[in-house]
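Notes for the structure review
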Amino acid sequence: MRRGDSLYRRLLGWLLLPLLVLGSLILIQAWVDAQRTADRAFDRLLEAASLAIAEQVQWQDDRLWLDLPPAALEMLATDAEERVFYSLVDGQGRLITGNANLPGDSRQGLGGEDTLLYRNIDWQDLSLRQGVRRTRFEDWRVREPFEVRVAHSREGRDALAAELWRANLAMILAMAALATVGLLLAIRAALTPLTRLRRAIRARDPRTLAPLALSLPRELAELRDTVNELLARMRRVRANQERFIGDASHQLRTPLAGLSARAELALRQDDPARWKEALVAMQATSARTARLAVQLLSLTRLANPEYRPDLVPLELNTIARQAVRDHWTSCHRQGVDLGVETVEGEVWVRGIDWLIAEAIGNLIDNACRYGGRRVTVQVEDKPPRLAVEDDGPGIPPQRRLLMLRPFHRDREDVKGSGLGLAIVDGIARTHGARLQLSSGHDGRGLTVVLQFPGESP
């Protein structure tokens, strides 16, 4: 058993994986939001600085003139010590004044008299954020358009974005830790019923097959029901085994006791003829006992509810001829005329060859035991049928179903176990065949028919 493979670790891994992906996306979104927030905050400063500069623009000597107060640029200075640049440009794009000749913005504004445009630029190996305010000098004498271009380096923006992201990161990590702890507790709580089921199974007596009575969630209830079904099948198998043990002990006790008594009686005799008589009787009893043991084993196997043999295509004529050959010698010694009637061509069924041969053998043995002098094995097709007919006394119609019960004999004066027809019935059910008992020709004897489902070769 692999102890490294754990359902707990599997669930934890499969649940943590999407959490990690989601956490990564949240971190990326937090960084983007921090950048946007920092840009909005500093863009407001750019807007205020450009507005302060624009308000100081005057018209003197037929030209624009600017007296820039220090406060207009100081509002852009932060602890990050950014570099601040500005320029005043007239309507023809000529630089009027400023500490740098900043580039213009070719984009069109949204219309109106006052427009402010923001963009990121790379200027003289510096990464800057620029704001361009397009406005007009209003006076009763002149209306002159101009631009105020203000830019500053990104140190302060980046510092603010990093500070905001670190604050969000601390919150995200705290939430991730709480989510992981909650996930661990949730998985452990979800697997608690499985642990109870495992402990209940482990604590059971190995000899008991009683069903599990444990309240479980629906998914584990299906597992519990499956285990209970397995236990029920094991109970049926054990009941079948116990029935076999009981039947075997009951049926074998008498012949074994007879063998012991016959041997003990023979040991007390001095006459070899008596010894031979005892040996003959013991041999007959041993043969019947061996036959009984074989029949008990066959009946137990067929009565096992879990016995599901694999059926293969078989040719019925071949099996019938071989069964007649196997039993012809013993029937000939008893003065029984044993024969077989088959059809032209092949008759295919699905089954197990030795079981069908066992059924034919039991039917032939029953016919001989109950007085049949002529026994015929017949094979028919359309539908496939196997029949064994004899000319014995037969069985009254009202008693035919009783003869299918184990250890039931029609006549007590006939030596036998009463298992022959019960075994044939079990073989028929194993093959999905229908068993029929009817009178023979002219109302005499017995005909036992096994009608099989058809099968192509």
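The coordinates are above.
Note that the coordinates shown come from a computational prediction; the quantities given were computed from them, not determined experimentally.

Criteria and cut-off values
Residues numbered from 1 in each chain as written. Predicted model: local features only at pLDDT ≥ 70, side-chain atom pairs only at ≥ 80, totals over all residues. Heavy atoms only, no water. Helix = DSSP H or I, 4+ residues; strand = E, 2+ residues; numbered from the N terminus. Buried < 20%, exposed > 50% of the residue type's maximum accessible area, 1.4 Å probe, protein only. Contact = heavy atoms within 4.5 Å. Pairing = 2+ DSSP bridges. Patch = residues over 30% accessible without salt bridge, like charges linked within 9 Å, V, L, I, M, F, W, Y side chains within 5 Å. Areas by Shrake-Rupley, 256 points an atom, 1.4 Å probe, with all protein chains shown as cover. Salt bridge = Lys/Arg side-chain N within 4 Å of Asp/Glu carboxyl O. Axes fitted to C-alpha atoms, helices over the stretch in contact; angles between N-to-C directions. Parallel < 35°, antiparallel > 145°, perpendicular 65-115°, else oblique. Left-handed = near helix turned anticlockwise from the far one by under 90°. Nonpolar A, V, L, I, M, F, W, Y, C, P; charged D, E, K, R; others polar.

Quick look at the overall build of the protein now. In terms of regular secondary structure, the protein is built from 8 helices and 14 strands. The burial tally for the protein puts 36% of its 457 residues in the buried class. Residue pairs in contact within the protein that sit at least 24 positions apart in sequence constitute 62% of those at least 6 positions apart.

The next thing to look at is unusual backbone geometry. The general pattern is negative phi for most residues beyond glycine and trans for most peptide bonds. Pro383 follows Lys382 through a cis peptide bond whose omega is -5 degrees. Inspection of the secondary structure assignment puts Pro383 in the loop between strand S11 (374–380) and strand S12 (385–390). In the Ramachandran plot, Gln124 falls in the positive-phi region, its phi being about 50 degrees despite a non-glycine side chain. With respect to the element layout, Gln124 can be found in the loop between strand S5 (115–123) and strand S6 (126–138). We classify Gln124 as exposed; its relative accessible area is 60%.

Now for the pairing of S6. Where S5 lies against S6, 9 bridges are found, and the strand directions are antiparallel. Bridge pairing in S6 links Leu116 to Arg133. Linking S5 back to S6 in an antiparallel pair, the connection comprises 2 residues, with Gln124 at a positive phi of about 50 degrees. Direction of pairing for S6 relative to strand S7 (residues 143–153): antiparallel, over a ladder of 11 bridges. In the sheet register, Thr135 faces S7, and the bridge partner there is Phe146.

On to a nonpolar patch on the surface, then. The grouping of Trp14, Leu17, Val21, Leu25 and Ile28 at the surface amounts to a nonpolar patch, some 570 Å² of accessible area in total. Counting through the fold element by element, Leu17 comes out in helix H1 (residues 7–55).

Strand order in the open sheet made by the 5 strands is S4-S3-S7-S6-S5, with antiparallel pairing throughout. Two strands lie at the open edges of the sheet, namely strand S4 (95–98) and S5, each paired on one side alone. Taking each pair of neighbouring strands and ignoring which way they run, the sheet shows an average axis angle of 20 degrees. Taken together, the 7 bridges between strand S3 (residues 84–90) and S7 define a ladder with antiparallel strand orientation. If you follow Val84 over to S7, its bridge partner there is His152. H1 contacts S3, S5, S6 and S7 of the sheet and is inclined by roughly 140 degrees relative to S7.

This part is about the sheet that holds strand S13 (residues 434–439). Strand order in this open sheet of 5 strands is S9-S11-S12-S14-S13, and the pairing throughout is mixed. On the outer flanks of this sheet lie strand S9 (337–341) and S13, each paired with one strand and no other. Neighbour-to-neighbour, the strand axes of the sheet open up by a mean angle of 15 degrees, direction not taken into account. Across 6 bridges, S12 lies against strand S14 (residues 446–451) in antiparallel orientation. Paired with Arg385 across the two strands is Gln451, which belongs to S14. Helix H6 (residues 316–333) contacts S9, S11 and S12 of the sheet and is inclined by roughly 170 degrees relative to S9. Together, S9, S11, S12 and S14 form the strand contacts of helix H7 (residues 353–369), whose direction differs from that of S12 by roughly 15 degrees.

The next thing to look at is the packing of H1 against helix H3 (residues 155–202). With their axes 8 Å apart at the nearest point, H1 and H3 run at an angle of 160 degrees to one another. In terms of orientation, H1 lies roughly antiparallel with respect to H3. In this structure, H1 crosses over H3, and the sense of that crossing is right-handed. Here the contact of H1 with H3 is composed, by residue class, of 28 nonpolar, 5 polar and 4 charged.

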